Amino acid sequence: MNIFDEFTWEKILTLYPPREYDIDEYFRILSPEMPEFLEKYTNLKIMQRLKGVGLLCGTDWTNIYKNRFYYSRYQHSLAVALIIWNFTKDKAQTLAGLFHDIATTVFSHASDFRKGDALTQTSTEEPTAEILRNDEELQLLLQKDNINIEEIIDYHIYPIADNEIPRLSADRLEYMFPSGMALDGSWTMEQIRDIYNDLVILKNEDNTDELGFKTLEFAEQYCFRFCMIGHLLQLNENKVTLHLLGQIMTEGVNQGILQEEDFLTLSEKQIIDKLEDACTKNRPENQKLIKYYKTFRTMTKIEHTNEPLENHFCVNLEVKQRYINPLVKTADGIKRVYDVSEKAKKIIDDFLSYKDTPFGCAKLISE
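The structure presented is a predicted model; accordingly, all values stated were derived computationally and were not measured. (Residues numbered from 1 in each chain as written. Predicted model: local features only at pLDDT ≥ 70, side-chain atom pairs only at ≥ 80, totals over all residues. Heavy atoms only, no water.)

Caption draft 1: Main features of the state of the cysteines. Applying the stated criterion to the full structure yields one disulfide. The disulfide partner of Cys 314 is Cys 361, and the gap between their sulfur atoms is 2.2 Å. Looking along the S-S bond of the Cys 314-Cys 361 disulfide, the torsion reads about 120°, which is the right-handed sense. Residue Cys 314 is located in strand E4 (residues 312-315), and its partner Cys 361 is located in strand E7 (residues 359-363); the two are separated by 47 residues in the primary sequence. (Disulfide = S-S within 2.5 Å. Helix = DSSP H or I, 4+ residues; strand = E, 2+ residues; numbered from the N terminus.)

If you want it as structure tokens, here you go:
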């Protein structure tokens, strides 16, 4: 039996009790010290924009999710930088982490869905280098700190900052903490602290630096919690939500209500306000947009089906599978948790083999 079969959308989102989270405390766990050089970079306009972009891909704006709080791409970017600084004390790597999401549009990966990139979800990264190279304020700050722009425009070159799934990196480590806090309340601050304090830099199979665990128990725990959120993100509810939002963005542009540049300049709240205004005016040419938008905002459930349904917004997609197979220290050396833990092996195998129904369908608002 696949262990994820029992974890339906409703069960995951109601499994844990309400919790209060102190994000400043969370940041102090990631790095007890806030490096002095970092603040001036966080105050740049290109960084401040990310305060209006949610980490959780527009799910803060629909009733099918029960997000417990809003967490921005700015907070995520700062947290990634703090993790990198904590483990490397390297300014260039830290700044590469800080700016890694600088090109992220409103609603985050919903933009990947609208561009047909649900499987890799990397299309939003494309303008990163151009944005950074063209920012004069940033160039001046880098000159003062004696850092070359080429050292910070691609965080993929730093394996502590980023690497390929299922390896563990600062980016991957960070986004699953607030995702677990905000989506389902599956992390307590004490658990985050215990997990984080067990991490060290290890050498992987390629003799490359990679974050890993000192203790098998914590490696197993993190593996399970990561896969559980990854499971949530591969269920049809998530596919419908992000694809529908992507279509709303496209339809808004097609109808002249939104402009493509809005997605890189406005906040999510400002985009929502424009869409709300279009719904209020209720023009005949906007009926498809209005129907999609009202469905997105008010839907509380979907149908899991083998075929598309009439009068429904239906999605049949393969999406990126987010899971982790971290390194862990053992008596026999540094291993992947999959290779030393039957528990972790079962979790990962079941996660990768799980299949939702071919279609997810949300009933369209009829008025």
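Structure's up, so let's keep going.
Caption draft 2: Spotlight on empty space enclosed by the protein. Applying the stated rule across the entire model yields one cavity of 30 Å³ or more. Tyr 16, Asp 184, Ser 186, Phe 224, Arg 225, Met 228 and Ile 229 are the residues that line the largest cavity. If one sorts the elements of the lining of the largest cavity by residue count, helix H12 (residues 216-234) sits on top with four residues. (1 Å grid on protein atoms, 1.4 Å probe; cavity = no way out; pocket = protein on both sides within 12 Å on 5 of 7 lines; lining within 4 Å. Points joined across faces, edges and corners; volume = space filled by probe spheres on them.)

Caption draft 3: Summary view of the sheet that holds E4. Read across the open sheet, the three strands follow the order E3-E7-E4; overall the sheet is antiparallel. Strands at the two margins of the open sheet, each flanked by one partner only, are strand E3 (303-305) and E4. Neighbouring strand axes in the sheet, compared pairwise and without regard to direction, differ in orientation by 25° on average. Two elements, E3 and E7, share three bridges in a ladder whose sense is antiparallel. (Pairing = 2+ DSSP bridges. Axes fitted to C-alpha atoms, helices over the stretch in contact; angles between N-to-C directions.)

Caption draft 4: Here's a closer look at the layout of surface pockets. The computed volume of the second largest pocket comes to approximately 200 Å³. Lining the second largest pocket are 13 residues, with Lys 239, Leu 317, Glu 318, Tyr 354 and Lys 355 positioned closest to its centre. Partitioned by chemical class, the residues of the lining of the second largest pocket number five nonpolar, four polar and four charged. (Nonpolar A, V, L, I, M, F, W, Y, C, P; charged D, E, K, R; others polar.)

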